[in-house]
Amino acid sequence: MIWSKEETLSRREIEELQLSRLQETVSRVYEKVAPYREKMDKAGVKPEDIKSLKDLAKLPFVTKQDLRDNYPFGLFAVPKSQLVRIHASSGTTGKPTVVGYTKNDLDVWTECVSRIACAGGAKSDDVAQICFGYGMFTGALGLHFGLENIGAAIVPSSTGNSEKQIMYMKDFGTTLLVATPSYALRLAEVAREMGLNPKTDLNVKIGLVGSELLTEAMRDEMHKYWGDDMLVTSNYGMSELMGPGVSGECEYMDGMHINEDFFIPEIINPETGEVLPAGEKGELVITCIKKEGLPLIRYRTKDITRLIYEPCKCGRTFVRMENLSGRSDDMLKIRGVNVFPSQIEEVILSFTELGPHYEIVVEREGYNDKLTVRVELLTATDSFKTLETIANKVKYKIKTVLGLDAKIQLESPNTLQRFEGKAKRVKDLRGKK
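Report on the accompanying structure. (Residues numbered from 1 in each chain as written. Predicted model: local features only at pLDDT ≥ 70, side-chain atom pairs only at ≥ 80, totals over all residues. Heavy atoms only, no water.)

What the protein chain contains, in helices and strands, is 10 helices and 21 strands. Taken over the C-alpha trace, the protein chain has a radius of gyration of 22 Å; the compact-globule value for 433 residues is 22 Å, and the two agree within 12%. Within the span of the protein chain, comprising 433 residues, buried residues form 55% of the whole. Here the contacts in the protein chain between residues at least 6 apart in sequence split such that 67% fall between residues at least 24 apart. Accessible surface, the protein chain: about 18900 Å² in total, of which carbon and sulfur atoms supply 50%. Between the averaged position of the 59 positive side-chain charges in the protein chain and that of its 62 negative side-chain charges there is a distance of 3 Å. (Helix = DSSP H or I, 4+ residues; strand = E, 2+ residues; numbered from the N terminus. Rg over C-alpha atoms; globule rule 2.2 N^0.38 Å. Buried < 20%, exposed > 50% of the residue type's maximum accessible area, 1.4 Å probe, protein only. Contact = heavy atoms within 4.5 Å. Areas by Shrake-Rupley, 256 points an atom, 1.4 Å probe, with all protein chains shown as cover. Lys, Arg positive; Asp, Glu negative; His and termini not counted. Charge placed at Lys NZ, Arg CZ, Asp CG, Glu CD.)

What follows is the structure, given as structure tokens:
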């Protein structure tokens, strides 16, 4: 189901709307936000210089550091009295990034999430269980109001107490699950431990997963645990931009449709900042063109993807962003080789003997980097020969994909840490000893 007529606008109509909203946003931000005005003056650009969408490239970038440097409200375009909601990041690596919403911002957010929920198969008769943590994190409340808006019944179960989560799913007849991919797999694991088969004893038919990367191998793993008929779609957002609702997959799963009437996407070379031609892969940059509280312009997301402009079979005309390859700041450089954790995940999930839970450990011995991959077996075994055979096959495939030797450490089932929120897959211990 297509929620809004705007999702089927022609390319000309989309770009006309984008330019009008961009010009208004740039003028308002220049007038009301001193740090933006200083950045634009330094770049030698004025609001009246934005005459076409191509002129967007004249504007300076904004980064997470800008939000931290202007903590808490320095980048806001409205007075605090006009805010009706405030969220913030965890701030584990410095000052938290603070975001705020006017009443109209919340309405826009709800609209955007309603669209991506419908694209992902949600309907008014769904029972939607939200297993994101409620609180300062934007994911739970964003999906909550968007799904509620389309008429779904919400089970705001948050995270934790997985046995009770499964009880709710069974007793309430949950049909739609909102969670990270890793926690969705954990819930299926717990259901099995409780003597239930998620495929037959539960009624979950739709997975709206987000907050962490969904690889195709992980999607296949979801089907393995929850059933082949479960529609698993990925959606994308971040608190700085709005929260969830920036983009989401439809049932054809050929990229995530970006809500282009509210966001303008660009792809840049992450090293040079140069805007790349359509179809090339690079860092995603997003400009918010309808936000009142925190209208970020050319925000560097650090996420690596490409834009797809070819028509989608679903009938939506908004550009799609390919499922993420990773983040530029998650990329590891090991012995001169660029490594994304998703590459190692794809290798692990290609082996039927291994489970989906893993940990990547990078250490330095002398002047050399050492890569260790810890991964769980699906079934315990004491056979040294069997363990050696599996480890050698994984080691060989990782070397084929990455060109790197890795130590493979096979763990017993249910050994590695489980995560209710974003999974933390990497321990980079270089320089920490």
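Attention now moves to the layout of surface pockets. When its volume is computed, the second largest pocket comes out at roughly 420 Å³. If you go around the second largest pocket, you meet 19 residues; those closest to its centre are Leu 53, Ile 264, Pro 265, Glu 266 and Tyr 309. Elements supplying a minimum of two residues to the lining of the second largest pocket: helix 1 (11-32) and strand 10 (263-268). For the lining of the second largest pocket, a count of residues per class yields 12 nonpolar, two polar and five charged. (1 Å grid on protein atoms, 1.4 Å probe; cavity = no way out; pocket = protein on both sides within 12 Å on 5 of 7 lines; lining within 4 Å. Points joined across faces, edges and corners; volume = space filled by probe spheres on them. Nonpolar A, V, L, I, M, F, W, Y, C, P; charged D, E, K, R; others polar.)

This part covers the sheet that holds strand 15 (residues 326-327). Strand order across the open sheet formed by four strands is 10-11-12-15, with antiparallel pairing between neighbours. One side of each edge strand has no neighbouring strand; the edge strands of this open sheet are strand 10 and strand 15. Two elements, strand 12 (residues 299-305) and strand 15, share two bridges in a ladder whose sense is antiparallel. Across the sheet, the residue bridging to Asp 303 is Arg 327, located in strand 15. (Pairing = 2+ DSSP bridges.)

What follows concerns the packing of aromatic side chains. Taken as a whole, this structure holds four aromatic pairs when the rule is applied. Pairing Phe 73 with Phe 76 gives two aromatic rings, centres 5.3 Å apart and planes at 90°, and the pair type is edge-to-face. Overall, the relative accessible area of 30% leaves Phe 73 in the partly exposed class. Seen in terms of ring centroids, Phe 132 and Phe 137 are 5.5 Å apart; in terms of plane orientation they differ by 85°. Their pairing is edge-to-face. The buried category is assigned to Phe 132, whose relative accessible area is 5%. Positioned above the aromatic ring of Tyr 358, the side-chain terminus of Arg 425 is 4.6 Å from the ring centre. (Phe/Tyr/Trp six-rings, centres within 6.5 Å; stacked < 30°, edge-to-face > 60°. Lys NZ or Arg CZ within 6 Å of the ring centre and 35° of its normal.)

With that settled, the discussion passes to the nonpolar core. In terms of nonpolar packing, the biggest core is built from 67 residues, with Leu 147, Phe 263 and Leu 296 touching the most fellow members. With residues near it in sequence (within four places) discarded, Leu 147 still touches Ala 117, Ala 122, Ala 128, Ile 130, Ala 152, Ile 154, Leu 176, Val 178 and Leu 208. (Core = buried A, V, L, I, M, F, W, Y, C linked by side-chain atoms within 4.5 Å.)

Moving on: the environment of Thr 159. With respect to the element layout, Thr 159 can be found in the loop between strand 4 (153-155) and helix 6 (162-172). Taking the C-alpha atoms as reference points, Thr 159 and Tyr 134, separated by 25 residues in sequence, lie 8.1 Å from one another. If sequence neighbours within four positions are ignored, Thr 159 has contacts with Cys 131, Phe 132, Gly 133, Gln 165 and Glu 420.

Moving on, we come to the side chain of Ser 157. Mapped onto the secondary structure, Ser 157 falls in the loop between strand 4 and helix 6. When its relative accessible area of 16% is taken as the criterion, Ser 157 is described as buried. A polar contact of 2.6 Å, which involves the side chain of Ser 157, links it to the side chain of Gln 165. When sequence neighbours within four positions are dropped, the list of residues in contact with Ser 157 reads Gln 129, Ile 130, Cys 131, Gln 165 and Tyr 168. (Polar contact = N/O pair within 3.5 Å; in protein donor to acceptor, adjacent residues only side chain to side chain.)

The subject of this paragraph is the pairing of strand 12. On a regular strand, one side chain projects to one face of the sheet and the next to the other, so that they alternate. Taken across its seven residues, strand 12 has six buried, putting it largely inside the fold. Taken together, the four bridges between strand 11 (residues 282-288) and strand 12 define a ladder with antiparallel strand orientation. Of the residues in strand 12, the one forming a bridge with Val 285 is Arg 300.

Turning our eyes to something else, we now look at the pattern of salt bridges. Opposite charge on two side chains lets them pair, provided their charged atoms get close. Scanning the entire structure with this criterion turns up 35 salt bridges. Of the charged contacts, one joins Arg 298 and Glu 266 as a salt bridge, the two residues approaching to 2.9 Å between their closest N and O atoms. Taken together, the residues span a long stretch of sequence, with Arg 298 in the loop between strand 11 and strand 12 and Glu 266 in strand 10 at a distance of 32 residues. Overall, the relative accessible area of 9% leaves Glu 266 in the buried class. A salt bridge links Glu 353 to Lys 393; the shortest N-O distance between them is 3.3 Å. Of this pair, Glu 353 sits in the loop between helix 9 (341-348) and strand 18 (354-365) while Lys 393 sits in helix 10 (residues 384-402); the two residues are 40 residues apart in sequence, bridging distant segments of the chain. A single salt-bridge network, built from bridges that share partners, covers Lys 5, Glu 6, Glu 111, Arg 115 and Asp 261. (Salt bridge = Lys/Arg side-chain N within 4 Å of Asp/Glu carboxyl O.)

At a closest axis distance of 9 Å, the pairing of helix 6 and helix 7 (residues 181-193) adopts a crossing angle of 80°. In terms of axis orientation, helix 6 runs roughly perpendicular to helix 7. When helix 6 is examined against helix 7, the residues Ser 162, Glu 163, Gln 165, Ile 166 and Met 169 are found in contact with a partner set consisting of Tyr 183, Leu 187, Val 190 and Ala 191. In terms of residue class, the contact of helix 6 with helix 7 is built from six nonpolar, two polar and one charged. (Axes fitted to C-alpha atoms, helices over the stretch in contact; angles between N-to-C directions. Parallel < 35°, antiparallel > 145°, perpendicular 65-115°, else oblique.)

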